[in-house]
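Commentary on secondary and tertiary structure
Here's the letter readout for the chains.
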Amino acid sequence: MDHVEGSASTNKYIPVSSVTSGEGKEVAPGLYCYTNQIVNLCFVEDQKSKNSWVLVDAGMPDSTEKIIAEAEERFGKETVPKAIILTHAHFDHIGGIIGLLNRWDVPVYAHSLELPYVTGKKDYPKPDPSVEGGMVARMSFLFPNEAINLDKQVHPLPEDGSVPELPEWRWVHTPGHTEGHISLFREADQALIAGDAFITVKQEDLYSVITQHLEISGPPRYFTPDWMEAWKSVKKLHSLNPHTAVTGHGRPVSREWLDENLTKLAREFDRIAIPDYGKYVEGNQLEQ
Ligand SMILES: [Zn+2]
Ligand SMILES: [Zn+2]
């Protein structure tokens with residue numbers, strides 16, 4: 001395997017964390033949510049074949065060793081996932097991936113529209129520190145937006161909606177936060193991995209992030225360029241009627257809380273999620 005390297009900006013530890021950092025929780029059979037500083041990643045086991053698992057998202061910059069330690073605690077020494085699947089490739093979801101791929105020779109999958117951002121072809125729009133929301137938004141100019149290059153190790157997800165190595169799951173295109181953003185859904189028990197399509201913490205607000213105060217929210221504001229698409233994606237996920245959800249940020253949620261709050265978000269996305277001001281808001285025509 002080729003040795004893959006990241007740019008300095010995507011490898012650097014970012015000193016922001018939360019009370020749940022380092023915690024892990026099995027939220028549904030075989031669906032384990034692990035919090036790394038301020039972001040969640042999932043270890044998803046294929047329920048039908050023993051010791052076969054997939055990593056969904058890859059944490060904050062400099063998180064490789066923590067992710068490997070958590071995986072080995074859960075699946076045993078020298079465990080290797082069958083694949084890594086990315087909901088999208090923002091720095092806080094791919095932070096550990098270069099290091100992981102130097103240890104694990106496994107394929108990475110992302111939506112075809114996300115591939116330019118993981119093959120060095122296209123950078124994300126810059127974060128918007130001027131957006132309404134709070135301290136994390138204001139410090140977001142520190143967050144890297146440059147594309148990494150995973151070259152031949154990354155592949156497009158199958159177009160039929162199936163998820164490699166996880167036959168019970170399918171992927172759902174949920175653009176808005178990024179063009180090729182996806183969520184993952186398991187019909188059997190209505191379990192959802194939402195990514196950043198919606199989240200359960202007000203990610204722009206430092207105090208909320210540190211305490212992980214539970215609150216339904218749209219995608220992180222400083223990084224979301226298309227609010228109308230983001231709204232449609234929330235409606236799409238709401239229509240799946242998920243019973244359990246792991247979101248990219250915030251605590252995992254289920255049943256009544258999820259149902260009530262996701263319904264509210266789908267209806268009142270303009271009030272709850274879309275910022276009152278910010279560089280990606282102007283020019284977005286509101287329509288329902
Ligand atoms: Zn994101
Ligand atoms: Zn995120």
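If you're wondering where the values come from, they're calculated on a predicted model, not measured in any experiment. (Residues numbered from 1 in each chain as written. Chains lettered and ligands numbered in written order. Predicted model: local features only at pLDDT ≥ 70, side-chain atom pairs only at ≥ 80, totals over all residues. Heavy atoms only, no water.)

When a metal holds four donors in a tetrahedron, each ideal angle between them is 109.5 degrees; when it holds six in an octahedron, the ideal angles are 90 or 180 degrees. The protein atoms that coordinate the zinc ion (ligand 1) are His88 (NE2), His90 (ND1), His177 (NE2) and Asp196 (OD), at distances spanning 2.1 to 2.4 Å. Each of the four donor atoms around the zinc ion (ligand 1) contributes to a set of angles spanning 89 to 178°, which defines the coordination as irregular. If you list the donors of the zinc ion (ligand 1) from N- to C-terminus, the spacing comes out as H-x1-H-x86-H-x18-D. A spacing of 3.2 Å is found between the zinc ion (ligand 1) and the zinc ion (ligand 2), which share aspartate 196 as a donor. One end of the pair, histidine 88, is in the loop between β5 (83-85) and α3 (91-94); the other, histidine 177, is in the loop between β8 (169-173) and β9 (182-186), and 89 residues separate them in sequence. Both residues of the pair, histidine 88 and histidine 177, belong to the buried class. (Donors = N, O, S within 2.8 Å, 3.2 Å for Na, K, Ca; no water. Tetrahedral: all angles 85-135°; square planar, octahedral: opposite > 155°, others 65-115°. Helix = DSSP H or I, 4+ residues; strand = E, 2+ residues; numbered from the N terminus. Buried < 20%, exposed > 50% of the residue type's maximum accessible area, 1.4 Å probe, protein only.)

Turning our eyes to something else, we now look at the packing of aromatic side chains. We describe a pair of aromatic rings using the distance from one ring centre to the other and the angle between the two ring planes. Under the criterion given, the structure shown has 13 aromatic pairs. Look at tryptophan 53 and tryptophan 104: their rings are 5.8 Å apart centre to centre, the planes differ by 90°, and that puts the pair in the edge-to-face class. Here tryptophan 53 is found in strand β4 (residues 53-56), whereas its partner tryptophan 104 is found in the loop between α4 (97-103) and β6 (108-110), with 51 residues between them in sequence. You can call tryptophan 104 buried: its relative accessible area is 4%. Summarising the aromatic geometry, the rings of tryptophan 227 and phenylalanine 269 are spaced 6.0 Å apart at their centres and angled 50° between planes, so their arrangement reads as tilted. Here the residue tryptophan 227 occupies a position in helix α8 (residues 227-239), and phenylalanine 269 occupies one in helix α10 (residues 269-272), the gap between them amounting to 42 residues. Judged by relative accessible area, tryptophan 227 falls into the buried class, the value being 1%. A network of ring pairs unites the aromatic residues Tyr32, Tyr34, Phe43, Trp53, Phe75 and Trp104 as a single cluster. (Phe/Tyr/Trp six-rings, centres within 6.5 Å; stacked < 30°, edge-to-face > 60°.)

Within the first shell, the zinc ion (ligand 2) binds the protein through His93 (NE2), Asp196 (OD) and His249 (NE2), at distances of 2.0 to 2.1 Å. In primary-sequence terms, the residues that donate to the zinc ion (ligand 2) follow H-x102-D-x52-H.

On to α8. The terminal C-alpha atoms of α8 lie 19 Å apart, and with 13 residues this matches the ideal 18 Å at 1.5 Å per residue to within 8%. Within α8, burial applies to Trp227, Met228, Ala230, Trp231, Ser233, Val234 and Leu237. The elements touched by buried residues of α8 are β9, β10 (191-195), α9 (255-267) and α10. Measuring from the side-chain oxygen of the N-cap residue of α8 to the backbone nitrogen of methionine 228 gives 3.3 Å; that N-cap residue is aspartate 226. Where α8 ends, the next residue or the one after it, asparagine 241, has phi of about 55°, a positive value. (Expected span 1.5 Å × (residues − 1). Contact = heavy atoms within 4.5 Å. Polar contact = N/O pair within 3.5 Å; in protein donor to acceptor, adjacent residues only side chain to side chain.)

Looking now at the nonpolar core. Within the largest apolar cluster, 30 residues are counted, with the highest numbers of intra-cluster contacts made by Phe43, Leu55, Ile84, Ile97, Trp104 and Leu150. Only β2 (31-36), β3 (39-45), β4, α2 (64-75), α4, β6 and α5 (115-118) provide two or more residues apiece to this core. Every residue in contact with phenylalanine 43, bar those within four places of it in the chain, is listed here: Gly30, Leu31, Tyr32, Tyr34, Trp53, Val54, Leu55, Ile67, Glu70, Ala71 and Phe75. If you look at the next biggest cluster of nonpolar residues, it comprises 25 residues, including Ile216, Met228, Ala245 and Ile274. (Core = buried A, V, L, I, M, F, W, Y, C linked by side-chain atoms within 4.5 Å.)

Relative to the 18 Å expected for 13 residues at 1.5 Å per residue, α9 spans 18 Å between its end C-alpha atoms, a close match to the ideal helical length. Taken residue by residue, α9 has Leu258, Asn261, Leu262, Thr263, Leu265 and Ala266 as its buried positions. Where α9 is buried, its residues contact α8, β11 (244-247), β12 (253-254) and α10.

Once that is clear, we can look at the pattern of salt bridges. Side chains that differ in sign of charge can pair as their charged atoms come close. Counted under the stated rule, the structure contains 10 salt bridges. In this structure, arginine 74 and glutamate 45 form a salt bridge, with 3.9 Å as the shortest nitrogen-oxygen distance. Linking arginine 74 in helix α2 with glutamate 45 in strand β3, this pair joins segments that are 29 residues apart in sequence. In this structure glutamate 45 comes out as partly exposed when scored by relative accessible area, which is 22%. (Salt bridge = Lys/Arg side-chain N within 4 Å of Asp/Glu carboxyl O.)

Strand order in this open sheet of seven strands is β1-β2-β3-β4-β5-β6-β7, and the pairing throughout is mixed. Because the sheet does not close on itself, it has two edges, and the strands there are β1 (24-28) and β7 (154-156). Going across the sheet, the axis of each strand differs from the next one's by a mean of 30°, ignoring polarity. Strand direction decides the pairing type here: β6 and β7, joined by three bridges, are parallel. Its bridge partner being in β7, valine 108 is matched across the sheet by valine 154. Taken strand by strand, α2 contacts β1, β2, β3 and β4, and its axis lies near 35° from that of β3. (Pairing = 2+ DSSP bridges. Axes fitted to C-alpha atoms, helices over the stretch in contact; angles between N-to-C directions.)

Before going further, it helps to spend a moment on the packing of α8 against α9. Orientation of α8 relative to α9, taken along the N-to-C sense of each, is 145°, at an axis distance of 9 Å. Where α8 crosses over α9, the two elements pack in a sense that is left-handed. Judged by residue contacts, Trp231, Val234, Lys235, Leu237 and His238 of α8 engage Leu262, Thr263, Leu265, Ala266 and Arg267 from α9. (Left-handed = near helix turned anticlockwise from the far one by under 90°.)

Take it as geometry only, folks, not as evidence of what the structure does.
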